[in-house]
Amino acid sequence: MQLLQMPKLEQPEVLRLKNIWKTYHGGHPAVKGISFTIRRGECLGLVGESGSGKSTLARCLLTLERIDKGEIWLNGRPLHELTTSQLRQARREMQVVFQNPSGSFNSKLTIMDSLLEPIRCQNKGCPSFLDSLSTSEWEIASKLLEKVHLPASYLARYPSELSGGQKQRAAIARAISVEPSLIVLDEPTASLDVSIQARVLNLLKDLQEELGLSYLFISHDLSAVHFMSELLMVMQQGEMVDVCKGKELFASNRHSYTKQLLELFDGD
Ligand code: ADP
Ligand code: MG
């Protein structure tokens, strides 16, 4: 008997960028006509050397930066057409983890208060991936820390009492707390010791698989992007010069700039 081959269901689009352009006042274009799509559960990798426009593109899609031209669709809604108050609402569907973990925390707040900030702001309760019996704030916060392998005793600490890697773990716990449609990770391990970097990348990957998260993973380090992402985009001087699946990275017909990055590749 012949088995019917069911087509693999395509996941819904979370984010679609169309022809995004951005020039800072008086400067050259930092982002030149970039388009891409991220589907649910996907990790899209963006690689390029420092100054190539990766963070500008991230800030544009997070609507932290006004674009000159183009379209940004989040879960089918055109962010480029929304009013300021509608945008505030839509922005909640995205969370971001930046390079510098110290800058992401208010030094005067305990880790517990920082962690619960998005849940409180959005009037949300316990995230669905935690035990639904977790009703107290302390319980929710401690279970969120458990997800990133930090002990509950850290809840009473201040950011200055945590290492860079621990702060970045707490930032990741905070990002997942409101179950966002998309998490933008802009060089999340660049400021960490090399020995810590791999552990944080592993954590991000495990959480993605467990919770079905969608990521835009940005790094200047091709090996990190290759480890994290099925699909890689290569950016140079504001342009997308190459797009490939991870396993196609080593093919001979790659763009010359991708090949340059590959020379620095640490594939261990
Ligand atoms: P990357 O994240 O890839 O290192 P950026 O997006 O930070 O790149 O920078 C891209 C270009 O835009 C660079 O030439 C940088 O100097 C310029 N740039 C970035 N931020 C600003 C800003 N706030 N004002 C003016 N120019 C900026
Ligand atoms: Mg950057």
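These lines cover the structure that appears in this document, whether it is placed above or below.

Criteria and thresholds
Residues numbered from 1 in each chain as written. Chains lettered and ligands numbered in written order. Predicted model: local features only at pLDDT ≥ 70, side-chain atom pairs only at ≥ 80, totals over all residues. Heavy atoms only, no water. Near = heavy atom within 4 Å. Polar contact = N/O pair within 3.5 Å; in protein donor to acceptor, adjacent residues only side chain to side chain. Areas by Shrake-Rupley, 256 points an atom, 1.4 Å probe, with all protein chains shown as cover. Helix = DSSP H or I, 4+ residues; strand = E, 2+ residues; numbered from the N terminus. Nonpolar A, V, L, I, M, F, W, Y, C, P; charged D, E, K, R; others polar. Pairing = 2+ DSSP bridges. Axes fitted to C-alpha atoms, helices over the stretch in contact; angles between N-to-C directions. Buried < 20%, exposed > 50% of the residue type's maximum accessible area, 1.4 Å probe, protein only. Parallel < 35°, antiparallel > 145°, perpendicular 65-115°, else oblique. Contact = heavy atoms within 4.5 Å.

### Section: the site of ligand 1
- Around ligand 1, the neighbouring residues are Tyr24, Ala30, Glu49, Ser50, Gly51, Ser52, Gly53, Lys54, Ser55, Thr56 and Arg59.
- Within the backbone of Gly51, one N or O atom sits 2.7 Å away from an oxygen atom of ligand 1.
- In this structure, Thr56 approaches ligand 1 through a side-chain N or O atom, which is 2.5 Å from an oxygen atom.
- Relative to its free-state accessible area of 560 Å², ligand 1 is covered by the protein chains to the extent of 54%.
- Top element by residues in the shell around ligand 1 is helix α1 (residues 54–61). It accounts for four residues.
- When grouped by side-chain class, the residues that make up the shell around ligand 1 number two nonpolar, six polar and three charged.

### A few points about the sheet that holds strand β9 (residues 231–236)
- On the basis of which strands lie adjacent, the open sheet formed by six strands has the order β6-β7-β8-β3-β9-β10 and mixed pairing. What marks the edges here is a single partner per strand, and that holds for β6 (94–97) and β10 (239–245). In this sheet, adjacent strand axes meet at a mean angle of 20 degrees when their direction is disregarded.
- Bridge count between strand β3 (residues 43–47) and strand β8 (residues 215–219): five bridges; the pairing is parallel. Of the residues in β8, the one forming a bridge with Val47 is Ser219.

### Looking at unusual backbone geometry
- Here the phi dihedral of Asn75 falls at roughly 50 degrees; this positive angle occurs in a residue that is not glycine.
- Judged by relative accessible area, Asn75 falls into the partly exposed class, the value being 36%.

### Some thoughts on the packing of helix α3 (residues 111–121) against helix α4 (residues 137–147)
- Relative to each other, α3 and α4 sit at 105 degrees, their axes nearing to 10 Å. Put simply, α3 runs roughly perpendicular to α4. Facing Met112, Leu115, Leu116, Ile119 and Arg120 of α3, the residues of α4 in contact are Glu137, Trp138, Ile140, Ala141, Leu144 and Leu145.

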